[in-house]
Each structure stands twice: as C-alpha cells, then as structure tokens.
Amino acid sequence: MVSFQVRYGSFVIQPVYERHGDFWHPTAAASGPWDQRAQHGGAPAALLTYIAEAQAPGLMLTRLTVELVKPVPVAPLTSSVEVHAGRSTTRVTIDLAADGVLVARAHALLMVAQPVDLPDGLPGWTPPSIEPGPEAGGPPLHLPGSANGTVSFARTAMEHRLAQGDGTQPGPGAAWFRVSTSIVEGEPVSPAMRVAAAADFGNGVSWLLPADEYLFTNPDLSIHLHRHPVGEWVGVAAQTHADPGGFGTTSTMLYDQQGPIGTAIQSLLLRQRRRD
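A few points on the structure. (Residues numbered from 1 in each chain as written. Predicted model: local features only at pLDDT ≥ 70, side-chain atom pairs only at ≥ 80, totals over all residues. Heavy atoms only, no water.)

### Some thoughts on the overall build of the protein chain
This is how the line gets drawn: Strands here mean DSSP runs of E at least two residues long; helices mean DSSP runs of H or I at least four residues long; both are numbered from the N terminus. We compute the radius of gyration over the C-alpha atoms and compare it with the globule rule, which gives 2.2 Å times the number of residues raised to the power 0.38. Throughout this description, buried means an accessible area under 20% of the type-specific maximum (1.4 Å probe, protein chains only), exposed means over 50%, and partly exposed covers the range between. Accessible areas in this description were obtained via Shrake-Rupley with a 1.4 Å probe; residue shielding takes into account the shown protein chains only.
Across its full length, the protein chain carries four helices and 15 strands. The C-alpha atoms of the protein chain give 18 Å as radius of gyration, which agrees with the globular expectation for 276 residues (19 Å, within 12%). Each principal axis of the C-alpha atoms in the protein chain carries an extent, and together these give about 60 × 50 × 40 Å. Relative to its full complement of 276 residues, the protein chain shows a buried share of 46%. As presented, the protein chain carries roughly 13,600 Å² of accessible surface, and 53% of it is formed by carbon and sulfur atoms.

### Points about the packing of aromatic side chains
The following threshold applies: Here the aromatic set is Phe, Tyr and Trp, taking the six-membered ring for Trp, and pairing holds for ring centres within 6.5 Å; pairs whose planes are under 30 degrees apart are stacked, those over 60 apart are edge-to-face, and all others are tilted.
This model, assessed by the stated rule, comprises three aromatic pairs. On the numbers, 6.2 Å between centres and 15° between planes, the contact of Phe 153 with Phe 201 is stacked. Of this pair, Phe 153 sits in helix 2 (residues 153-157) while Phe 201 sits in the loop between helix 3 (191-199) and helix 4 (202-205), and the two are 48 residues apart along the sequence. Assigned by exposure class, Phe 153 and Phe 201 land together as buried.

### Comments concerning the environment of His 241
Under the convention used in this document: The contact rule is simple, with two residues in contact once any of their heavy atoms fall within 4.5 Å.
One can find His 241 in strand 13 (residues 234-243). Through-space distance from the C-alpha of His 241 to that of Ser 206 is 9.4 Å; in sequence the pair is 35 residues apart. For His 241, the residues in contact, after removing those within four places along its chain, are Leu 208, Phe 247, Gly 248 and Thr 249.

### Quick word on helix 3
Here helix 3 lies mainly inside the structure; eight of its nine residues are buried. All of the buried residues along helix 3 are Ala 192, Met 193, Arg 194, Val 195, Ala 196, Ala 197, Ala 198 and Ala 199.

### As for the side chain of Thr 240
How we decide: Here a polar contact means two N or O atoms within 3.5 Å. Within protein one must be a hydrogen donor candidate and the other an acceptor candidate, and residues neighboring in sequence count only if both atoms are side-chain atoms.
Position of Thr 240 among the secondary structure elements: in strand 13. Under the relative-accessibility criterion, Thr 240 is labelled buried at 17%. At 2.9 Å, the side chain of Thr 240 forms a polar contact with the side chain of Ser 206. In this view, Thr 240 contacts Ser 206, Trp 207, Leu 208, Thr 249, Thr 250 and Leu 268; residues no more than four positions away in its chain are not counted.

### With respect to unusual backbone geometry
Of note, the bond from Thr 126 into Pro 127 is cis; its omega dihedral lies within 30 degrees of zero at -5°. The omega angle of the peptide bond from Glu 131 to Pro 132 is -5°, so this bond is cis rather than trans. Mapping Pro 132 onto the fold places it in the loop between strand 8 (101-111) and helix 2. One non-glycine residue with positive phi stands out, namely Asp 99, at about 55°.

### Re the pattern of salt bridges
Using the following cut-off: The term salt bridge refers to a pairing of a side-chain nitrogen on Lys or Arg with a carboxyl oxygen on Asp or Glu at a separation within 4 Å.
Throughout the structure, instances matching the rule amount to six salt bridges. Across the pair Arg 161 and Glu 159 runs a salt bridge whose closest N-O atoms are separated by 2.9 Å. Taking relative accessible area as the criterion, Glu 159 reaches 25% and is therefore assigned partly exposed. Note that Glu 159 is salt-bridged to Arg 178, the shortest N-O span being 2.8 Å. Of this pair, Glu 159 sits in strand 9 (residues 158-164) while Arg 178 is found in strand 10 (residues 173-179), placing the two residues 19 residues apart along the sequence. Sharing partners across several salt bridges, the network here consists of Glu 159, Arg 161, Arg 178 and Glu 232.

### Description of the nonpolar core
Note on soluble globular proteins: their nonpolar side chains tend to be buried together. To be explicit about the condition: Put simply, a nonpolar core is a bunch of buried Ala, Val, Leu, Ile, Met, Phe, Trp, Tyr and Cys residues held in one set by side-chain atoms that sit within 4.5 Å of each other.
Core analysis: the biggest nonpolar cluster contains 60 residues, and Val 16, Phe 153, Phe 177, Ile 183, Ile 223 and Leu 254 have the highest contact counts within it. With eight residues, the single largest contributor to this core is helix 1 (residues 42-55). Filtering out sequence-adjacent residues up to four positions away, Val 16 remains in contact with His 25, Pro 26, Thr 27, Ala 29, Ala 30, Ala 43, Phe 153, Ala 157, Thr 181, Ser 182 and Ile 183.

### A closer look at the pairing of strand 4 (residues 23-26)
Keep this limit in mind: Between any two strands, pairing holds if DSSP finds at least two bridges.
Alternating residues of strand 4 divide into Trp 24 and Pro 26, all buried, and Phe 23 and His 25, none buried. Sheet topology note: the strand 3 (residues 17-20)/strand 4 ladder contains four bridges and is antiparallel. From the neighbouring strand, His 20 faces strand 4, where its bridge partner is Phe 23. Hairpin connection of strand 3 to strand 4: two residues between the antiparallel strands, including Gly 21 at a positive phi of 65°.

### Notes on helix 1
Note the following rule: In this scheme, a helix's expected span is set at 1.5 Å multiplied by one less than its residue total.
Helix length check: helix 1 (14 residues) gives 20 Å between terminal C-alpha atoms against 20 Å at 1.5 Å per residue, within 8%. For helix 1, a buried count of 11 out of 14 residues is recorded, marking the element as mostly surrounded by other parts of the structure. Restricting attention to buried positions, one finds in helix 1 the residues Gly 42, Ala 43, Pro 44, Ala 45, Ala 46, Leu 47, Leu 48, Thr 49, Tyr 50, Ile 51 and Ala 52.

In structure tokens, the structure reads:
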C-alpha cells in the first residue's frame, strides 16, 4: 500500500482514513468543526461511498443516503455490508460502528449505465452553472465553528473557494470544493467520493443562524446524481430554511465545471445554545 501525505503549515497530514485489518482508523483530518473528537460529516460520507462502490464495480452510484445516528468519533470504526443485486441496479446498506455501537448507516443505489439518444434543446436546470468557476480563485469559505489553525476535514482535507454570497453573512451561497488528500490510504478518490465529501458542506455554505448562539447540525445527508462528475472540483449551491419548531432543511444543487450533476438535501436540528 502506498502512503499518501500532504503538508499543511507545520503539519504533515495523513489520509482521512487508514485501514488496519477490519478497522478504519480516522486521522485528525477527519475531525469536524464543533468538536475535535467527532468527525465532519463529509468524512464518513466519502468513506461510505468508497465502501458502496467497492460492492458493484463498474456501476454508477446514483443515490447515497447517510444517516448519522450518533456523532461519528475520531476512533477506529468497523463496517458491515448488505448487498442486493439486480439486473440493472444494486442496493447496498452499510453500517459503521465504533466499539460495537452503530454510529452511521448508509443506503446506496448503484445503476448500470445505458446511453440513450436524447433530442437536442431539452430544457435543463437553472442556473446551468456556478459562476465564477474555481479557476477564478475565490477566497476560502468562512465556515461557522471552524477553529483557526487546527487540523480538520474542512481546513486540511478539502480546498474550498467561495463563488457566490458572503460566508460571513446569513443566506444562500455557492462554493467550489476539491479533495486535497486521499480519503482511504493508498486508494484513488473516485468522482462520487469527491461529491460525497463536498455535499455535506451545504449546511455551512448556506446558513441562517449565528454559530455562537445556535447549533444547526445535520443528522442526515441524501445525494442524488444523474451523471458521472468530471474533474476534481465539485460546486455546491445551497439554501437553508429554518422553522421555529426547531427544525430546518438545507437544499443543495451540485455541479462540476461542465454543469449540473445532481442534488443533495440535509435535515437540520436547530437548538439555542445555553447561556449561563
């Protein structure tokens, strides 16, 4: 197995996960913005995509639903897989456990590609692209809850460039993301893994409530893809709705530099922080 490392400031960053026998060992590059002991949702989403694609080589992952049952710890994980294969589709269910306790579950749908001839001029999504593109070199995205100078998934495993909106102000926004290290040591990062890593940032690209007064966590992530993503950059255009009942939804359109590739949606759990 080839070891892959990148340097971030004075840190040498390992891949997001190292595999040792039946265990997935997350590194500090998997950690999230709220607690260094818990993983960012994009990390297990990308790992679960890797596991799902390994069950059906050659098929395209068209749907991934990740249920974050508990905060996924930065600790060794085990996985169990159930596969149901048909002629054109394969369904995969994956459980991730920490010390025998279920922390995440994914349901993946993979399909056999079969090109079809479509008439010219079919209407498509609006907008057809995120402008400007990543080549414009937009500023890094301001992510609520991210601690400056710490090694984390958002800061060191991902490169991000703001395209639309103002990351310091509430409201919709758009940004480009690129995985900057390997997800699983020694393994290539597939296009679908890049999307899974980026899509979880919808809740962050778009936000409504100040992080010092509210918690807005997403216990799930559902991704639907209608074509293979092309290139390293994934565009995320997100908007969020919050309800006084304590819930919310972030809806995201996903792009590559050629146009739309799919959608993602996250349920949000909203809570006011206690003030002592």
